[in-house]
Amino acid sequence: MRLVALLLMLMTMFIPSALAQSVALMPQPAKYGVSGGQLAVDQNFSVFLRGARDARLESEARRFLLVLSRQTGLTIAPKLSTSPQATLVVQIDHASKELPELGEDESYTLSVDGSGLLLKAPTTLGALRGMQTVLQLVTPVTNGFAIPIVNIDDKPRFPWRGLMIDVSRHFQPLDVIRRNLDGMAAVKLNVFHWHLSDNQGFRVESKKFPKLHELGSDGTYYTQDEVRGIIAYAAERGIRVVPEFDMPGHSTAWFVGYPELASAPGPYEIERHWGIFDPAMDPTKESTYKFLDEFIGEMAKLFPDKFFHIGGDEVNGKQWDANPQIQAFMKSHKLKDNAALQTYFTNRVQKLVEKHGKTMIGWDEILNPDSPKTIVIQSWRGAESLSQAAKQGYRGLLSNGYYVDLNWPAARHYAMDPTGGAAASLSDEEKSRILGGEACMWSEFTSPENVDSRIWPRTAAIAERLWSPQGVTDVNSMYERMAVISARLDFVGLNHNTSYGTMLRRIQGKDDFQALRTLADVVEPVKDYQREQLAATPPTQSTPIIRLVDAARPESETARLFSQKVDAFLAGTADAASKADLRVMLAHWSNNQSDLNAAMSTSYPLQEAAPLSQNLSALGAAGLAAMDYLGKEQAPDGWKTQQLAAIEQAKKPGGAQLLIMVADSVEKMVQAVK
Ligand code: ACM
């Protein structure tokens, strides 16, 4: 450290640093220390690579400068410096292999002083992770941008930190995949699990079996060149790509072109609805395995990762029950039930996967007593099955609790720990078999327009759970940092924030959509699988994804902050400003109905929101009245009973399939009135 820098640091140490407090790192590093003081960031920011050479590191360092430039608005040339005096010096011991692999060293250290940053890592991969940390450290300050003086010593807790995107139910074009890979890299996720086939679509070009994509996809599929492009794009960012071809169920789209694979005669059509369906591959025919041998061989070459996902979930067995030839096979092979038949299938497919040089991974259902210990179990049904698998010697991943399509709050995902719950009592050796987890984006209700908003920012909280030490569990800190990271993700091209306005504007049918936004800000889509259950007519693949429920965020930040204010108010700890804020919010909602009403008659997609809007106004009025009655006035007879009944009504989702998330807090206020 140069003397000037040291002096600067000593000087600044005594200044309480607002900057240090505003730094939002997500995932939180394993170890870090903030000493006060800052390093200014301006358009002269430069990067010098020292140590081992690596073409990938060079291109990533240039990309770092591009993102820094986007994030700050400063004109920074994406050109590497030839001077060791550069602002950021990146030093690696040796280059990583071109394609990332499970378990590679991703650690790095970062030290910042008043003159610059030094990022050191054993491998390229660690340097990539560290550069993302540097981008998160850059914060606006009064006279520009700065990085706080910090020391970071970081490494991941789990080696497998994934995001699954289902591109079958709704296809997602390449730009969506690429920007989500950028988002993944920003929060240090390292596995893109590509759910490429299901009942509703087969999404990869097969040269061996072209009717798979030609007849199974409506023309929306990825060519093999495009797949290679995505794999290269991901690898540059240190992300592995694991393909999933779901079998023997979830496979109707295969049967459109190849009905002979199915357990009942065709013809088949691409499934347009959501749910669990009967079609399943015929596990008793040798021709099925011959087909799969060739198909897996082709895809094993296309996807270079060591792991190959064969799905295996949710076979209802109805086609097997109804097929006399299959029943006879089960009898002659002493397969006592459909689970045993699926085991027979899984174990045959496992041998094919292995023959083509890959390790099989699948959902819980693939685990059986004959499974070789090499396979990996992805637990979607519960943490219990993951810990069972680990006990029996299998490696596994947690996805139960990480389904981002279920519209849960980030805190609920954050509370799920791969080695918590049922796995907490495992031995260290058993725990070490738990490789990590994956957020899962199932795509019944996603379009290229809203998919980012279903994934982000909540997936950043899951990313933190998988990277940061187990003890990092402060929910308030998580939410504070997630809000900052959410805004940062705009700069890598994700549209989870911007599409909100675009979609609301369309729903409103004009540029002024402020009243609609007020309503949208406090609602959330119904949870779990309620959308299917509440639908008047079953949604299909061609149902437009343009409703308020499709635009509304899975988690309302406004409602969360409102609830904190209400709790403080009721606990008697709210100050005058906070009480005034509460009144402003409630009055705003109370008046919103008349503002929104004017637009209803001209907007068809807005009409279903009418009851919701009335309820929000009623809640606003009830909250205001409760504040008055809690202050001094006596509530009239029957007021409380009447309000509570109305609130109960307002909590029901109704046809709009939306929940008003401030209802619970208003109810608490009304309950508190004597
Ligand atoms: C699954 O959700 N059926 C894996």
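Right above here is the structure, for reference.
A. Looking closely at the overall build of the chain. Of regular secondary structure, the chain possesses 28 helices and 18 strands. Each of the three principal axes of the chain carries a C-alpha extent, and together these read 80 × 75 × 50 Å. Classification of the 674 residues of the chain by burial places 58% in the buried group. The long-range fraction of contacts in the chain, counting pairs at least 24 apart against all pairs at least 6 apart in sequence, stands at 76%. Of the roughly 26,600 Å² that the chain leaves accessible, carbon and sulfur atoms contribute 55%.

B. Fine view of empty space enclosed by the protein. Taken as a whole and assessed by the stated rule, the structure comprises 5 cavities of 30 Å³ or more. Computed from the structure, the largest cavity encloses a volume of approximately 170 Å³. Asp-405, Asn-407, Phe-445, Asp-528 and Arg-531 are the residues nearest the centre of the largest cavity, which is lined by 15 residues in total. Of the residues in the lining of the largest cavity, the class split is 7 nonpolar, 2 polar and 6 charged. Of the voids in this model, the second largest cavity is the one considered here, and its volume is about 130 Å³. In terms of lining residues, the second largest cavity is bounded by Val-67, Gln-71, Gln-132, Leu-135, Gln-136, Ala-186, Ile-485, Arg-488, Leu-489, Phe-491 and Val-492. Only α3 (55-72), α4 (124-137) and α18 (475-488) provide two or more residues apiece to the lining of the second largest cavity. Here the lining of the second largest cavity takes 3 residues from α4, the largest share from any one element. Looking at the lining of the second largest cavity, its residues break down into 7 nonpolar, 3 polar and 1 charged.

C. Representation of unusual backbone geometry in the model. Cis geometry is found at the peptide bond from Met-26 to Pro-27, where omega equals 0°. Of note, Pro-27 is situated in the loop between α2 (18-22) and β1 (31-41). Of the consecutive residues Met-247 and Pro-248, the connecting peptide bond is found in the cis state with omega at 0°. Structurally, Pro-248 can be placed in the loop between β11 (240-247) and α8 (252-257). One non-glycine residue, Lys-188, lies in positive phi territory at about 70°. Its location among the elements puts Lys-188 in the loop between α5 (174-186) and β9 (191-198). The buried category is assigned to Lys-188, whose relative accessible area is 1%.

D. Here's a closer look at the pairing of β11. Within β11, 8 of the 8 residues are buried, which leaves it mostly tucked inside the rest of the structure. Side-chain alternation along β11 places Arg-240, Val-242, Glu-244 and Asp-246 on one buried face and Val-241, Pro-243, Phe-245 and Met-247 on a second face that is also buried. In this sheet, β11 lies alongside β9 in parallel orientation, the contact comprising 6 bridges. If you follow His-193 over to β11, its bridge partner there is Val-242. Strand direction decides the pairing type here: β11 and strand β12 (residues 307-311), joined by 2 bridges, are parallel. The residue of β12 that forms the bridge with Glu-244 is His-309.

E. Seen up close, the packing of helix α23 (residues 557-570) against helix α24 (residues 576-600). Relative orientation of the contacting elements α23 and α24 amounts to 130°, with a least axis distance of 10 Å. It follows from the interaxial angle that α23 and α24 lie oblique. Relative to α24, α23 is oriented so that their crossing is left-handed. Contacts between α23 and α24 involve Thr-558, Phe-562, Lys-565, Val-566 and Phe-569 from the first element and Ser-578, Lys-579, Asp-581, Leu-582, Met-585, Leu-586 and Trp-589 from the second.

F. Looking closely at the nonpolar core. One finds Phe-45, Trp-194, Phe-245 and Trp-254 to be the most contacted residues of the largest nonpolar core, which totals 125 residues. Discounting residues that sit within four places of it in the chain, Trp-254 has contacts with Ser-197, Phe-202, Leu-212, Phe-245, Asp-246, Met-247, Leu-261, Met-281, Phe-291, Leu-292 and Phe-295. Core analysis: the second largest hydrophobic core is formed by 53 residues, Ile-507, Ala-515, Leu-612 and Leu-619 among them.

G. Expanded view of the environment of Leu-426. Assignment of secondary structure puts Leu-426 in the loop between α14 (410-414) and α15 (428-431). Once residues lying within four places of it in the same chain are set aside, the contact partners of Leu-426 are Ser-387, Ala-390, Lys-391, Lys-431 and Ile-434.

Each value, and the rule that gives it
Residues numbered from 1 in each chain as written. Predicted model: local features only at pLDDT ≥ 70, side-chain atom pairs only at ≥ 80, totals over all residues. Heavy atoms only, no water. Helix = DSSP H or I, 4+ residues; strand = E, 2+ residues; numbered from the N terminus. Buried < 20%, exposed > 50% of the residue type's maximum accessible area, 1.4 Å probe, protein only. Contact = heavy atoms within 4.5 Å. Areas by Shrake-Rupley, 256 points an atom, 1.4 Å probe, with all protein chains shown as cover. 1 Å grid on protein atoms, 1.4 Å probe; cavity = no way out; pocket = protein on both sides within 12 Å on 5 of 7 lines; lining within 4 Å. Points joined across faces, edges and corners; volume = space filled by probe spheres on them. Nonpolar A, V, L, I, M, F, W, Y, C, P; charged D, E, K, R; others polar. Pairing = 2+ DSSP bridges. Axes fitted to C-alpha atoms, helices over the stretch in contact; angles between N-to-C directions. Parallel < 35°, antiparallel > 145°, perpendicular 65-115°, else oblique. Left-handed = near helix turned anticlockwise from the far one by under 90°. Core = buried A, V, L, I, M, F, W, Y, C linked by side-chain atoms within 4.5 Å.

Just geometry here; none of it tells us what the structure is for.
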